[in-house]
Amino acid sequence: MANWVYPLGTAAEGKWDISIGTSDSGLEVDGWAHTGLKVATLAAGGAVALDAAAEERIVIPLNGSFVATVDGQDYPLAGRDSVFSGPSDVLYTGAGKAAAITSADGGRVAVATAPAKASYPTRLITAAETPVELRGAGNCSRQVHNFGTPAALEADRFIVCEVLTPAGNWSSYPPHKHDEEKDGEISLEEIYYFETRVTPGAPQRPGADDAIGYQRVYASDERPIDVAAEVRTGDVVLVPYGWHGPAMAAPGYDMYYLNVMAGPGPVRDWLISDDPHHGWIRQTWEGQDLDPRLPFGRQSGGWAGS
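(A) Structural view of the side chain of glutamine 143. Turning to its location among the elements, glutamine 143 is positioned in strand 12 (residues 142-148). Of the polar contacts made by the side chain of glutamine 143, one reaches the backbone nitrogen of phenylalanine 296; its length is 2.6 Å.

Shown next as structure tokens:
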């Protein structure tokens with residue numbers, strides 16, 4: 001069976017902390033074909049470069065600010081202190097274009113990718129333009145940054161978003177799947193890239209930086225998959241098929257994940273089926289309040305879509 005869980009350091013390559021599924025990745029994963037992810041940690045003045053390839057890309061600052069250069073034009077990306085500070089500027093590069101990424105002060109940056117044939121224009125999406133969705137209710141409340149969804153971005157193949165889950169809450173829940181082309185469902189493989197933190201204000205103690213969460217993936221048909229992974233900052237879980245969820249933020253630890261989805265079907269959309277054993281959970285949200293800890297990173301004036 002292919003390996004679907006990559007703890008920090010196990011998918012590193014060259015300057016990249018993570019290099020999975022991209023046109024230049026040396027890590028081959030059996031059965032993985034439609035999405036890719038690269039993450040780099042740059043020192044002050046550091047840089048990484050991506051050659052032109054038949055893939056579309058979106059550059060996402062995780063912490064710190066960057067300049068992305070595409071077709072000779074510089075795109076400053078006003079970043080953030082951390083993924084829990086609210087949305088960041090991001091840059092969609094289009095397909096078949098080289099890109100260079102630099103940072104004057106250093107930071108960590110992600111690049112989501114997907115093989116692509118159609119060409120769409122390079123586009124800067126600012127933090128202020130990012131649609132912010134507060135989804136679920138009660139202990140299923142979470143915050144979604146929808147900068148790379150079909151409603152927000154013209155693109156060929158991929159769907160990209162960020163999800164933030166307060167400590168003790170369950171996200172990606174109820175468990176769902178998108179592994180068939182049928183009415184009401186689209187076949188999409190999916191990447192989860194995680195970051196976690198100790199809830200602000202927690203007491204100091206030994207091991208205070210060991211913030212954890214959990215991710216579940218299990219079979220929806222005869223194809224075998226059984227993942228119950230403890231995750232930390234820098235870890236990746238791949239979802240080639242199957243029911244997935246919950247992504248659990250353990251008590252005391254907030255969770256972030258970056259989702260990259262794409263598939264072989266003719267339509268770019270996010271259509272899912274709930275696990276019929278657990279889909280009833282959605283009905284219990286009626287009448288429940290949203291978790292008051294959301295939104296993370298509230299700023300004066302709010303955001304588009306908040």
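Read on for the rest.
(B) The arrangement of the pairing of strand 9 (residues 107-115) in detail. The element strand 9 is extensively covered by neighbouring structure, given that eight of its nine residues are classed as buried. One ladder, built from seven bridges, connects strand 3 (residues 36-42) with strand 9; its direction is antiparallel. Bridge assignment links alanine 40 to a residue of strand 9, and that residue is valine 109. As paired strands, strand 5 (residues 55-70) and strand 9 are joined by eight bridges and run antiparallel to one another. Counted as the bridge partner of asparagine 63 is arginine 108 from strand 9.

(C) Local environment of the packing of aromatic side chains. Scanning the model with the defined rule gives eight aromatic pairs in all. Measuring from ring centre to ring centre gives 5.9 Å for tyrosine 192 and phenylalanine 194, while their planes differ by 20°; the resulting arrangement is stacked. Taken as a pair, tyrosine 192 and phenylalanine 194 share a single burial class, namely buried. Taken together, Trp4, Trp32 and Tyr241 form an aromatic cluster joined through their ring pairs. The residue whose ring lies beneath lysine 177 is tryptophan 243, and the NZ or CZ to ring-centre distance is 5.8 Å.

(D) The pairing of strand 18 (residues 226-231), seen in detail. By the alternation rule, side chains of strand 18 split into Val227, Ala229 and Val231, which are all buried, and Asp226, Ala228 and Glu230, of which none is buried. For strand 17 (residues 213-218) and strand 18, the ladder comprises six bridges, and the chain directions are antiparallel. What sits directly across from arginine 216, in strand 18, is alanine 228.

Criteria and cut-off values
Residues numbered from 1 in each chain as written. Predicted model: local features only at pLDDT ≥ 70, side-chain atom pairs only at ≥ 80, totals over all residues. Heavy atoms only, no water. Helix = DSSP H or I, 4+ residues; strand = E, 2+ residues; numbered from the N terminus. Polar contact = N/O pair within 3.5 Å; in protein donor to acceptor, adjacent residues only side chain to side chain. Buried < 20%, exposed > 50% of the residue type's maximum accessible area, 1.4 Å probe, protein only. Pairing = 2+ DSSP bridges. Phe/Tyr/Trp six-rings, centres within 6.5 Å; stacked < 30°, edge-to-face > 60°. Lys NZ or Arg CZ within 6 Å of the ring centre and 35° of its normal.

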